[in-house]
Amino acid sequence: MQNVLVIGGGPAGSLAAILLGRRGKDVTLVEQSRFPRDKVCGECLSATGIDVLTRHGLCHRLRLRGAIELTRSLFHASTGESCEIELPLPMLGISRSVLDAFLLDEARDAGARVMQPVRCEGVEPNDSGVTAVVRSLIDQSVQTIRADVALIADGKAKLLPEPPVPTGDFGIKAHFTDIDAPPNAIELFGVVGHYGGLSAVEGGRWNSSFSVPAERLKGAGGNLDRLFAEIVAENPALARRFAGATRCSEWHTSPLPRFGVARHWPANILPIGNAAAAIEPIGGEGIGLAMRSAELAVEWLMNGGASPHELRSKYDDLWRSRRLACRAVARLISSPTWAGHLVNLAGRDELFSQRAMEWMGKLGG
């Protein structure tokens, strides 16, 4: 395996390109968006992600770009109950526009050939590897790329033979200034039937991102400011945080994926990041898991890539408990009936809160 195609330049794809490039592999990375670009995301880098970047000498340089250290978590039920839990290990608040551009630049520095803005329109296995068809989004020219292996890091698994079934939930996200909140905390708010989070990112801004059912988003008729005002009014703590806030970015929306690791992959095609599995975003683990999966895939390839079952097993270990824990917390915090009980229990039972943090992956890895 000498020639690798990476499809997608987000955290998983760029990190894979960095690691492969550093090992002397011929890497082509295809990314359809121009950078820097924003996207729906909680914009929190978990301890797992920090561990990955630290192992490869990247974390310090990312911190220099303004990442905010987050050391505690605050939970707020829609019925008014709140609690605070110290994070077992710090997280980092960093915007995707900064993080993704940083990692893609590092991939270039590691020797990856970056094609951008270029969209992959299909990838197929063949006797000698894979063949992909890509289209330039500048002049619409089409070319074929052949590689020994393709890493799918498109974030949605749309290029795999069996894309996941849509969940019916959407994410909405925007940046704000003048938020009345502690800058070293990641906060979770339950509202009526769903939830959202708030945390500081670089540049004196705050990222607010919420999971919203499709029906509620449709009912807003495209007016996301009105929808968000309704959401804010459903949680007293959220209303206090946004009393004097100013939105300083556009709204972004995107379907929220939620699926486990597939049992079968096409020959010579490996999913990484959210193309491999996607969990409830409530825990802020998505970016870290994406990069860890890329690290695992590269290690597997460099060790000969003999059995895909071995890599799938490592993916299962990475995602399984986090999927269950984050889904359970999401269902509870979204319920006006149960959210208050959850918050009160977490606030008074230290062992329960520590175990919950462990199940959600807050001990790194």
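As the structure is a prediction and not an experimental result, all values here were calculated from the model.

J.: Summarise the overall build of the chain; cite the residues concerned and give the values.
T.: Helix and strand content of the chain: 11 helices and 17 strands. Here the chain has a C-alpha radius of gyration of 20 Å; the compact-globule value for 365 residues is 21 Å, and the two agree. With the C-alpha coordinates of the chain rotated into their principal frame, the extents come out at 60 × 45 × 40 Å. Counting over 365 residues, the chain shows a buried share of 54%. Excluding contacts between residues fewer than 6 apart, the proportion of contacts in the chain whose partners are at least 24 apart in sequence is 70%. In the form shown here, the chain has an accessible surface area of approximately 15400 Å², with 50% of it arising from carbon and sulfur atoms. Looking at the chain, you have 40 positive and 40 negative side-chain charges, and the mean spots of the two groups are 2 Å apart.

J.: Would you mind going over the side chain of Ser 353 in detail, with residue names and values included?
T.: Within the secondary structure, Ser 353 sits in helix α11 (residues 350–359). Setting aside residues no more than four positions away along its own chain, Ser 353 makes contact with Ile 85 and Ala 346.

J.: Tell me what's going on with helix α10 (residues 339–348), and back it up with residues and numbers.
T.: In an α-helix, one turn spans 3.6 residues, which is why side chains three or four residues apart end up on the same side. Listed as buried for α10 are Ala 339, Gly 340, Leu 342, Val 343 and Ala 346. The buried side chains of α10 occupy one side of the element, clustering within an arc of 160° when seen end-on. Opposite the buried face of α10, by more than 90 degrees, sit the exposed residues His 341 and Arg 348. Each element contacted by the buried residues of α10 is listed here: β4 (68–76), β5 (82–93), α9 (308–333) and α11.

J.: How would you sum up the side chain of Ser 208? Please name residues and give values.
T.: By the secondary structure assignment, Ser 208 is in strand β14 (residues 205–213). Overall, the relative accessible area of 1% leaves Ser 208 in the buried class. Setting aside chain neighbours within four positions, we find Ser 208 in contact with Ile 172, Lys 173, Ala 174, Phe 176, Gly 197, Leu 198, Phe 228 and Phe 242.

J.: Explain the packing of helix α8 (residues 286–302) against α9 to me, and be specific about the residues and the numbers.
T.: α9 packs onto α8 with a crossing angle of 165° between their chain directions and a minimal axis gap of 10 Å. Viewed along their axes, α8 and α9 adopt a mutual orientation that is roughly antiparallel. Here α8 and α9 pass one another in a crossing that is right-handed. Of the residues in α9, those in contact with Leu 289, Arg 292, Ser 293, Leu 296, Ala 297 and Trp 300 of α8 are Pro 308, Glu 310, Leu 311, Lys 314, Tyr 315, Leu 318, Trp 319 and Arg 322. The residue inventory of the contact of α8 with α9, partitioned by class, reads nine nonpolar, one polar and four charged.

J.: Please provide a residue-by-residue account of the pairing of strand β11 (residues 169–177), values included.
T.: Of all nine residues in β11, seven are buried; the element is thus mostly enclosed. The pairing of β11 with β14 spans eight bridges and is classified as antiparallel. In the strand pairing of β14, Ile 172 is matched with Phe 210. Sheet topology places β11 next to strand β15 (residues 246–247); two bridges connect them, and they run antiparallel. Residue pairing across strands places Phe 176 opposite Arg 247, the latter belonging to β15.

J.: Lay out the nonpolar core in plain terms, naming residues and giving numbers.
T.: One finds Leu 151, Ile 272, Ile 282, Tyr 315 and Trp 319 to be the most contacted residues of the largest nonpolar core, which totals 76 residues. At 10 residues, α8 tops the list of elements feeding residues into this core. Look past the residues within four positions of Trp 319 in its chain and what remains in contact with it is Val 261, Gly 273, Ala 276, Ala 277, Ile 279, Leu 289 and Ser 293. Trp 206, Ala 220, Leu 227 and Phe 242 belong to the second-largest nonpolar core, a separate cluster that totals 23 residues.

J.: Give me unusual backbone geometry: which residues, what numbers.
T.: The residue after Phe 35, namely Pro 36, is reached through a cis peptide bond having omega -5°. Tracing the chain through its elements places Pro 36 in the loop between β2 (26–30) and β3 (44–45). Of the consecutive residues Gln 116 and Pro 117, the connecting peptide bond is found in the cis state with omega at -10°. For Pro 117, the position within the fold is in the loop between β6 (113–115) and β7 (118–126). In this structure, Glu 43 is a non-glycine residue whose phi angle is positive, near 55°. Counting through the fold element by element, Glu 43 comes out in the loop between β2 and β3. A positive phi angle, close to 65°, is found at Ala 157, a residue other than glycine. Structurally, Ala 157 can be placed in the loop between β10 (149–152) and β11.

Rules behind the numbers
- Sequence order as written defines the numbering, with residues in each chain counted from 1.
- The predicted nature of this model means local features are confined to residues of pLDDT at least 70 and side-chain atom pairs, given and counted, to a pLDDT of 80 or more, with totals for whole chains, interfaces and linings taken over all residues.
- Hydrogens and waters are ignored; side-chain quantities use all the structure's heavy atoms.
- Secondary structure elements follow DSSP: runs of H or I of four or more residues count as helices, runs of E of two or more count as strands, with numbering from the N terminus.
- Radius of gyration: over C-alpha atoms. The globule rule applied is 2.2 Å multiplied by the number of residues raised to the 0.38 power.
- Only protein chains enter the accessibility calculation, which uses a 1.4 Å probe; a residue is then buried when its area is under 20% of its type maximum, exposed when over 50%, and partly exposed in between.
- Only heavy atoms matter for contacts: two residues are in contact if any of them lie within 4.5 Å across the pair.
- Using the Shrake-Rupley algorithm and a 1.4 Å probe, accessible areas are obtained, with residue cover drawn only from the displayed protein chains.
- Under the convention used here, Asp and Glu are negative, Lys and Arg are positive, and both His and the chain ends fall outside the count.
- Lysine's charge is taken at NZ, arginine's at CZ, aspartate's at CG and glutamate's at CD.
- It is the directions from the helix axis to the C-beta atoms whose arc is reported.
- What counts as an axis is a line fitted to C-alpha atoms, over the stretch in contact for a helix, and the angles between N-to-C directions run from 0 to 180 degrees.
- For classification purposes, angles smaller than 35 degrees are called roughly parallel, those larger than 145 roughly antiparallel, those between 65 and 115 roughly perpendicular, and all remaining angles oblique.
- Each helix crossing is assigned a hand: it is left-handed if the near helix lies turned anticlockwise from the far helix by less than a right angle, otherwise right-handed if that turn is clockwise.
- Here the nonpolar group is Ala, Val, Leu, Ile, Met, Phe, Trp, Tyr, Cys and Pro; Asp, Glu, Lys and Arg are the charged ones; every other residue, Gly included, is treated as polar.
- DSSP-based pairing: two strands are paired if at least 2 bridges between them are found.
- Buried Ala, Val, Leu, Ile, Met, Phe, Trp, Tyr and Cys residues form a nonpolar core when they are joined through side-chain atoms within 4.5 Å.

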